[in-house]
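# Reading the structure
Chain residues, written in single-letter form:
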Amino acid sequence: MKNNKLWGGRFQEKASEILDLFNASLPFDKKLYKQDILGSKIHSQMLSHCGILTQEESKQICQGLDQIQAEIEKGEFTFDISDEDIHMAVEKRLIEIIGEVGKKLHTARSRNDQVALDFRLFVLDSNRQIRVLLLELIQTLLNIADSHTTTILPGMTHLQHAQPVNFGFLMCAYACMFVRDFERLSDSFKRNNYCPLGSAALAGTPYKTDRFYTAKALGFTAPTLNATDSVSDRDFALDFLYDLSLIAMHISRMAEELVLWSSYEFRFITLSDSYSTGSSIMPQKKNPDVPELLRGKSGRVYGNLFSLLTIMKGLPLAYNKDTQEDKEGVFDSFETLEISLKILNDLLKTMQINPKEMKEACQKGHLTATDLADFLVQSCNIPFREAHHITGKAVTYAESLNKDLSQLSAQELCSVDSRIPPKAHNALDLEASMNSRDSYGGTSTKATQTQIQSLLAWLQIAKSGECNER
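Residues numbered from 1 in each chain as written. Predicted model: local features only at pLDDT ≥ 70, side-chain atom pairs only at ≥ 80, totals over all residues. Heavy atoms only, no water.

An unreviewed UniProt entry lists the protein chain under the name Argininosuccinate lyase, from Helicobacter canadensis MIT 98-5491. Per its UniProt entry, the protein chain bears the Pathway (unreviewed entry) comment "Amino-acid biosynthesis; L-arginine biosynthesis; L-arginine from L-ornithine and carbamoyl phosphate: step 3/3." What UniProt states about the protein chain under its Catalytic activity (unreviewed entry) heading is, verbatim, "2-(N(omega)-L-arginino)succinate = fumarate + L-arginine". (UniProt positions renumbered as here; feature names shortened; annotations may be inferred.)

Next up, the structure:
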């Protein structure tokens, strides 16, 4: 039997069934149907604009493509794996609907630049969706921060109690991470917002086309510069996967804090029952499965990035079938981050914050030790290294009394070293310690409020930019 593929003119034998299964991308690239249909409509309009198709032919093609999109969205479209990919599935159905005119749609293009367009449109659209979710998450973090600029808890290094900070300050820290994620996505969007359609197979086309018309109609900045690069480039997908990997890493870091903070050892927060699970055997358990899953999702997102990097490694110009393997990982990472950002936002909105437990934890670990050393330097003209030594002695003395440094009386503190004056006791106050760090970017209530206002101003500009884009 002769090959009945749309590309099968030179083949004398029918493709084997196992080749259809192995070669086909339709099971997953059918997700690109909207992008494929949009690109085809604009391509037909460009062909009409250039006189390669008549206006009537372009109109018929666009009407047929609209019908196909309606069929897909109603679940009436038959996806046949023998069609290989979404491009062939749509084109075959178009020919069935409008006849010979449908065969003219593929003039001056190739599946190589067609898939490069569809996939790029998907990535850019997904980029915008993730940015919208990031803005919502940042707003939630700032709402929490604004309510807790005086809520004291232990700031940590090496997961050990270090210095007192306020909870709003920590929420601002995570907001700053997600701001960078947003800006990274914005940068990669601008860098990749160029249209590959019209590059054809690898070397351009002899038809008198207008790639600038196509690019403008599709919302791109301009057409891509080099045809061969255009059909073989997947940097836009790698940029997106890298950006998503960093978001997943930031989510994972916050998720780890949420797991710790919700444990009985910390009790800084209580997770809502709506975002917790129980044990099948231990009825008392309330497990932080949501943050644990959020923490674990980073692994699959990283894997998708390294998978595509490996696929692209060593590929010669121009298009190679290897790049059919580029999409599933991007689809998966996008969907993973989409639901992760949504559920993290909901979890944060519904969790209970426990200021009492946070403050009690501040009375463990001698959080004001640095404040005592700084006082001795500033008020007693003692060199810092000597002040550090004196404070260490005070910590040892407090531990011998089974007390935290902040719980020592003025008399007890002064007994450690004759150079410690009674007023040094004021340096051990937790609130005073937190508010003394009033430098730009510091943890004082005032400095934290400044950070919140700065982030809110950024957020307003970012939201405005999202409304105006594409």
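After that view of the structure, there is still more to cover.
### Concerning the overall build of the protein chain
What the protein chain contains, in helices and strands, is 18 helices and six strands. Its C-alpha atoms give the protein chain a radius of gyration of 31 Å, more than 25% over the compact-globule value 23 Å for 470 residues. Dimensions of the protein chain, computed from C-alpha atoms along their principal axes, come out at roughly 100 × 50 × 40 Å. Sorting the 470 residues of the protein chain into buried and exposed places 52% on the buried side. Residue pairs at least 24 apart in sequence account for 75% of intrachain contacts in the protein chain once pairs closer than 6 positions are excluded. Entry remark: accessible area of the protein chain is about 22800 Å², with carbon and sulfur atoms responsible for 52%. Positive and negative charge centroids in the protein chain, built from 51 and 60 side chains respectively, lie 2 Å apart. (Helix = DSSP H or I, 4+ residues; strand = E, 2+ residues; numbered from the N terminus. Rg over C-alpha atoms; globule rule 2.2 N^0.38 Å. Buried < 20%, exposed > 50% of the residue type's maximum accessible area, 1.4 Å probe, protein only. Contact = heavy atoms within 4.5 Å. Areas by Shrake-Rupley, 256 points an atom, 1.4 Å probe, with all protein chains shown as cover. Lys, Arg positive; Asp, Glu negative; His and termini not counted. Charge placed at Lys NZ, Arg CZ, Asp CG, Glu CD.)

### Here's the deal with the nonpolar core
Of all hydrophobic cores here, the largest spans 72 residues; its most connected members are Ile130, Phe178 and Leu348. Elements with a contribution of two residues or more to this core: helix H6 (111–147), helix H7 (167–192), helix H10 (235–261), helix H11 (289–312), helix H12 (327–350), helix H13 (355–361) and helix H18 (445–468). When residues in this core are grouped by element, the largest group, 14 residues, is from H10. (Core = buried A, V, L, I, M, F, W, Y, C linked by side-chain atoms within 4.5 Å.)

### Here we look at the pairing of strand S1 (residues 152–157)
Looking down a regular strand, the side chains alternate between one sheet face and the other. Summarising the sheet, S1 and strand S2 (residues 160–166) pair through six bridges and their orientation is antiparallel. Bridged to Gly155 within S2 is Gln163. Between S1 and S2, which pair antiparallel one after the other, the connecting turn spans two residues, and His158 there sits at a positive phi close to 55 degrees. (Pairing = 2+ DSSP bridges.)

### Points about the pattern of salt bridges
Using the criterion set out here, one finds 25 salt bridges in the structure. Glu386 is paired through a salt bridge with Arg419; the nearest N and O atoms lie 3.0 Å apart. Residue Glu386 is found in helix H15 (residues 384–400), and its partner Arg419 is found in the loop between helix H16 (410–414) and helix H17 (430–436); the two are separated by 33 residues along the sequence. Overall, the relative accessible area of 29% leaves Glu386 in the partly exposed class. (Salt bridge = Lys/Arg side-chain N within 4 Å of Asp/Glu carboxyl O.)

### Here's the deal with helix H5 (residues 86–98)
For H5, which comprises 13 residues, the first-to-last C-alpha distance of 18 Å matches the rise-based estimate of 18 Å (1.5 Å per residue) to within 8%. When we look at burial in H5, the residues that qualify are Ile86, His87, Met88, Ala89, Val90, Glu91, Leu94, Ile95 and Ile98. Tucked inside the fold, the buried residues of H5 contact helix H2 (26–29), helix H3 (33–49), helix H4 (55–73) and H6. Between the side-chain oxygen at the start of H5 and the backbone nitrogen of His87 there is a gap of 3.1 Å, and the oxygen is on Asp85. (Expected span 1.5 Å × (residues − 1). Polar contact = N/O pair within 3.5 Å; in protein donor to acceptor, adjacent residues only side chain to side chain.)

### Details of unusual backbone geometry
Negative phi values dominate among residues other than glycine, just as trans dominates among peptide bonds. A cis amide bond, omega 5 degrees, links Leu317 with the succeeding residue Ala318. Take Ala318: it is sitting in the loop between H11 and H12. Of note, Ala200 is a non-glycine position whose phi angle comes to about 60 degrees, a positive value. If you trace the backbone, Ala200 turns up in the loop between strand S3 (194–195) and helix H8 (211–217). Even without a glycine there, the phi angle at Asn381 is positive, about 55 degrees. Its location among the elements puts Asn381 in the loop between helix H14 (369–380) and H15. Note on Asn381: relative accessible area 70%, which makes it exposed.

### Focus: the domain arrangement of the protein chain
Split by domain assignment, the protein chain resolves into domain 1 (18–107), domain 2 (123–207 + 219–361) and domain 3 (363–436). If you average the C-alpha positions of domain 1 and of domain 2, the two centres end up 34 Å apart. Facing 13 residues of domain 1, the contacting portion of domain 2 comprises nine residues. Counting each side, the surface lost to burial between domain 1 and domain 2 is near 910 Å², with a carbon and sulfur contribution of 66%. Area buried by domain 1 at its contact with domain 2 is led by Asn23, Phe28 and Lys31, which between them contribute 48% of it. (Domains from an automatic or database assignment. Buried area = accessible area lost by both parts, 1.4 Å probe.)

### Focus: the side chain of Asn320
Assignment of secondary structure puts Asn320 in the loop between H11 and H12. For Asn320, a relative accessible area of 17% gives the class buried.

### Here we look at the packing of aromatic side chains
With the rule as written, the count across this model stands at seven aromatic pairs. Centroid distance Phe122 to Phe334: 5.9 Å. Interplanar angle 85 degrees. Geometry classified as edge-to-face. Placement of Phe122 in helix H6 and of Phe334 in helix H12 is noted, with a sequence separation of 212 residues between them. On the basis of relative accessible area, Phe122 is assigned to the buried category, the value being 10%. Ring pairs connect the aromatic residues Phe122, Phe331 and Phe334, which therefore count as one cluster. (Phe/Tyr/Trp six-rings, centres within 6.5 Å; stacked < 30°, edge-to-face > 60°.)

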